Amino acid sequence: MTSLHPDQVTAERLTGGRRAEPIGPGLGSDGTLNEDPAIRSPLVLSDRSLHDVTEIVCGYAENAPGRWWLPMFAFTATVATVGVLMITYLIITGVGVWGLNNQVGWAWDITNFVFWIGIGHAGTLISAILCLFKQKWRTAVNRSAEAMTIFAVICAGIFPGIHVGRIWFIWFVFPIPNYNYIWPNFRSPLLWDVFAVSTYATVSLLFWYMGMIPDFATLRDRADRRLRAGSGAAKICIRCPITGIRLLKAPFSADRARAFLYGLFAVGWNGSSRHWHRYEVAYLILAGISTPLVLSVHSIVSFDFATSVLPGWHTTIFPPYFVAGAIFGGFAMVLLLLIPARELFANMKDLLTLRHLENMAKILLVTGTMVGFAYSMEFFIAWYGGNQYELYAFKNRATGPYWWAYWTMISCNVISPQLFWFRRLRTDPRSIWVVALLVTIGMWFERFVIIVTSLHRAFLPGEWQMFFPTPVDILTFVGSCGIFLTLFLLFLRFLPVFPMAEIKAIMPQGDPHGTGHGHDPTIGHGGDFTGGH
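Nothing here was measured: the structure is a model prediction, and the numbers come from that model. Here the residue numbers are simple positions, counted from 1 along each chain's written sequence. Reporting in this predicted model follows two pLDDT cut-offs: at least 70 for local features of residues, and 80 or more for side-chain atom pairs to be given and counted; totals over whole chains, interfaces and linings ignore these cut-offs and use all residues. To obtain the side-chain values, all non-hydrogen atoms of the structure were included, while hydrogens and water were left out.

Asks: Give a detailed account of a nonpolar patch on the surface, specifying residues and quantitative values.
Replies: Patches draw on residues past 30% relative accessible area with no salt bridge. Two like charges within 9 Å are joined, as are two nonpolar side chains (Val, Leu, Ile, Met, Phe, Trp, Tyr) within 5 Å. Method for areas: the Shrake-Rupley scheme with a 1.4 Å probe, in which residue coverage is limited to the protein chains shown. The term salt bridge refers to a pairing of a side-chain nitrogen on Lys or Arg with a carboxyl oxygen on Asp or Glu at a separation within 4 Å. Where nonpolar side chains cluster on the molecular surface, the patch consists of Ile 91, Trp 168, Phe 169, Trp 171, Phe 174 and Ile 176 and spans about 550 Å² of accessible area. Examined against the element boundaries, Ile 91 turns out to sit in helix H3 (residues 69-93). Buried residues are those whose accessible area, probed at 1.4 Å on protein chains only, stays under 20% of the maximum for their type, while exposed residues exceed 50% and partly exposed ones sit between those limits. Judged by its relative accessible area of 32%, Ile 91 falls in the partly exposed class. Where helices and strands are cited, they refer to DSSP runs of H or I of at least four residues and of E of at least two residues respectively, numbered from the N terminus.

Spelled out as structure tokens, the structure:
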């Protein structure tokens, strides 16, 4: 400890009179978990240069993945195929293959829809809201979270289409002029879903793509340099499987395909100041547009239930409750996928540190507490409103036939995040991953409890019916998980996982007032358009 006041230490450091103290070994295994306000934790470890960041991030897309990738991809693709087969079987046969009945007309399908929409909210939150609040730690997770947003919305979009039964009439939900004068009901929250989700998917895709343009240009120019140097070329030979006669022998280069495809998506990016200026303006505009979408989309999804007169659904707490739950479940999915990724990919721990994981664990703790408060308020509103049907609906959730689903939801969503009050647990990747898995399970059960337990007990006991999922129900959801994981594995393999320009901007070399400012002698000028602009 120093006898100087922390403000004096900071002032001397900024004026160059004092060098930054090294971070001690007692502050975490990677040196980022210090709590001293006079010491700023590094966001990139191992004293990486700007060139190192380019090599690490581009290496994930250019080099062969580890031995684990292909078996994992084959497994997830097989699971995704099972989902496609179940959807095909449903379309051919009809929704009678599900476990639906006259009383429970919404069940597994809408549960999965709301679940996947919730998963897709973390990407927009990390990218847009944290960008507007200038939170620098977002740079390690925003690209992956944005990718998960797109993939989750793709999975979510499956279920509204197939739950209508006759999927070939799904186009009637859009206000398309037709000779039958069949128009959608614009007063229906189900139609609001169509516009909200399609708008959210479009803006999220543009936001994700916009952020990758400079990185696409870097990958393009690296491939072009290798082609000009004559490296990386290989021969492809095609022979007749019967006679063995050589039919075709031609030069083939993966770099040629990379140069073409990455160049196509880079849309002529050349790294000029004009390009950077317009890029930053467009990125900021998209962040401003995306921010209200985080609040509006899941609020509109909650209106599917809140605008009804069914006990257990018609409550004004649903919009903020659903938004908090979506952020809660989305961050859990980010952690669930990125913690294994940082163990499997080389040098990823230098870019995704324990400080990043701890920050997201704190967000899980906050949003989990908010969700727990919403659960308790539902019971309070039912009691305070004096509606016996409403009160019975919530008592039935906790003590009725589906009590096991309700208490699974409470255990996973309310109790498990409270472990993050202990610093040792919220900084341990294994503990964080287990809690993230429990939260993901709990958030699915939350949607199941809201939908099924409110429907299976009608006003008249003669209408009471139970819902039991069929194998088609279960395999369709499992197949959607396979689609999601397959798309995410393809993202990890072929696209830049981290935003190189944003990471370099938060490094000491990117600080114009820092000691590391200046040109890095290890960086050439041949097309690396992601450094410090």
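Further notes follow.
Asks: Explain the packing of helix H13 (residues 388-399) against helix H14 (residues 403-415) to me, using residue names and the numbers behind them.
Replies: Axes, fitted as lines to C-alpha atoms, cover a helix only where it is in contact. Angles between the N-to-C directions of the axes lie from 0 to 180 degrees. Here H13 crosses H14 at 85 degrees, and the two axes come no closer than 5 Å. It follows from the interaxial angle that H13 and H14 lie roughly perpendicular. Counting all contacts with H13, which are made through Arg 397, Ala 398 and Thr 399, the residues of H14 involved are Trp 403, Tyr 406 and Trp 407. Residues are grouped as follows: Ala, Val, Leu, Ile, Met, Phe, Trp, Tyr, Cys and Pro are nonpolar; Asp, Glu, Lys and Arg are charged; all remaining types, including Gly, are polar. Class assignment of the residues belonging to the contact of H13 with H14 gives a composition of four nonpolar, one polar and one charged. Here is the rule for angles: anything less than 35 degrees is roughly parallel, anything more than 145 is roughly antiparallel, 65 through 115 is roughly perpendicular, and the remaining ranges are oblique. Only heavy atoms matter for contacts: two residues are in contact if any of them lie within 4.5 Å across the pair.

Asks: Break down the side chain of Thr 139 for me, with residues and values.
Replies: Along the chain, Thr 139 falls in the loop between helix H5 (121-132) and helix H6 (142-162). A relative accessible area of 5% means that Thr 139 is categorised as buried. From its side chain, Thr 139 meets the backbone oxygen of Lys 136 in a polar contact 3.1 Å long. In contact with Thr 139, not counting residues within four places along its chain, are Phe 498, Pro 499, Glu 502, Ile 503 and Ile 506. Here a polar contact is recorded for every N or O atom pair within 3.5 Å, except that within protein the pair must consist of a potential hydrogen donor and a potential acceptor, and residues adjacent in sequence are included only if both atoms are side-chain atoms.

Asks: Outline the confidence of the model for the protein chain, supporting the account with residue identities and numerical values.
Replies: pLDDT is defined as a per-residue confidence score from the predictor, taking values between 0 and 100. Scored by pLDDT, the protein chain comes out at a mean of 84, with 86% of its residues at no less than 70. Note on residues 14-28: pLDDT is under 50 here. Beyond four places in sequence and across chains, it has 17 contacts. Scored below 50 in pLDDT, residues 518-527 makes 15 contacts in the model with residues more than four places away or belonging to other chains.

Asks: Could you give an account of the pattern of salt bridges, with specific residues and numbers?
Replies: This model, assessed by the stated rule, comprises 16 salt bridges. Of the charged contacts in the structure, one is a salt bridge between Arg 222 and Glu 55, with a shortest N-O distance of 2.9 Å. Placement of Arg 222 in helix H7 (residues 189-229) and of Glu 55 in helix H2 (residues 50-62) is noted, with a sequence separation of 167 residues between them. Relative accessible area serves as the criterion here: at 34%, Glu 55 is assigned to the partly exposed category. Across the pair Arg 226 and Asp 255 runs a salt bridge, and its minimum N-O distance is 2.9 Å. Remark: Asp 255 occurs in helix H8 (residues 254-266) and Arg 226 occurs in helix H7; sequence separation between them is 29 residues. Judged by its relative accessible area of 21%, Arg 226 falls in the partly exposed class. According to the relative accessible area criterion, Asp 255 is buried, its value standing at 4%. One continuous salt-bridge network, built from bridges that share partners, spans Glu 55, Glu 62, Arg 222, Arg 226, Asp 255 and Arg 258.

Asks: Which residues make up the nonpolar core, and what values do they have?
Replies: One recurring pattern in soluble globular proteins: nonpolar side chains tend to sit buried together. Grouped together as the largest cluster of nonpolar side chains are 145 residues, with contacts concentrated most on Trp 116, Phe 305, Phe 484, Phe 491 and Phe 498. Not counting chain neighbours up to four residues away, the residues in contact with Phe 484 comprise Trp 116, Ile 119, Met 148, Phe 151, Ala 152, Cys 155, Met 333 and Leu 337. Only buried residues count toward a nonpolar core, which is a set of Ala, Val, Leu, Ile, Met, Phe, Trp, Tyr and Cys residues joined through side-chain atoms within 4.5 Å.

Asks: So what's going on with the environment of Gly 312? Which residues, and what values?
Replies: Assignment of secondary structure puts Gly 312 in the loop between helix H9 (273-306) and helix H10 (318-344). Using a relative accessible area of 0% as the deciding quantity, one classes Gly 312 as buried. Linking Gly 312 and Arg 397, residues 85 residues apart in sequence, is a C-alpha distance of 9.4 Å.

Asks: So, unusual backbone geometry: which residues are in play, and what are the values?
Replies: Phi is positive for Ser 46, close to 65 degrees, though the residue is something other than glycine. Tracing the backbone shows Ser 46 in the loop between helix H1 (6-14) and H2. The phi dihedral of Val 267 falls on the positive side, at around 45 degrees, and the residue is not glycine. Tracing the chain through its elements places Val 267 in the loop between H8 and H9.

Asks: Could you give me a rundown of the environment of Val 294, with the residues and numbers involved?
Replies: Along the chain, Val 294 turns up in helix H9. Residue Val 294 is classed as buried on the basis of its relative accessible area of 1%. The spacing of Val 294 and Ala 326 is 32 residues in sequence and 9.1 Å in space, taken between C-alpha atoms. Among residues more than four places away in sequence, those in contact with Val 294 are His 121, Thr 124, Leu 125, Ile 129 and Val 323.

Asks: Summarise H8; cite the residues concerned and give the values.
Replies: Take the residue count of a helix, subtract one, and multiply by 1.5 Å to get its expected span. An ideal rise of 1.5 Å per residue puts 18 Å on 13 residues; H8 measures up with 18 Å between its terminal C-alpha atoms. Residues of H8 that are buried: Asp 255, Arg 258, Ala 259, Tyr 262 and Ala 266. What you see down the axis of H8 is that its buried residues fit within an arc of 100 degrees, all on one side. Turned more than 90 degrees from where H8 packs its buried face, Arg 256 and Phe 260 sit exposed. Phi for Val 267, located one or two positions after H8, is positive at around 45 degrees. Of all possible arcs, the one meant is that of the directions from the helix axis to the C-beta atoms.

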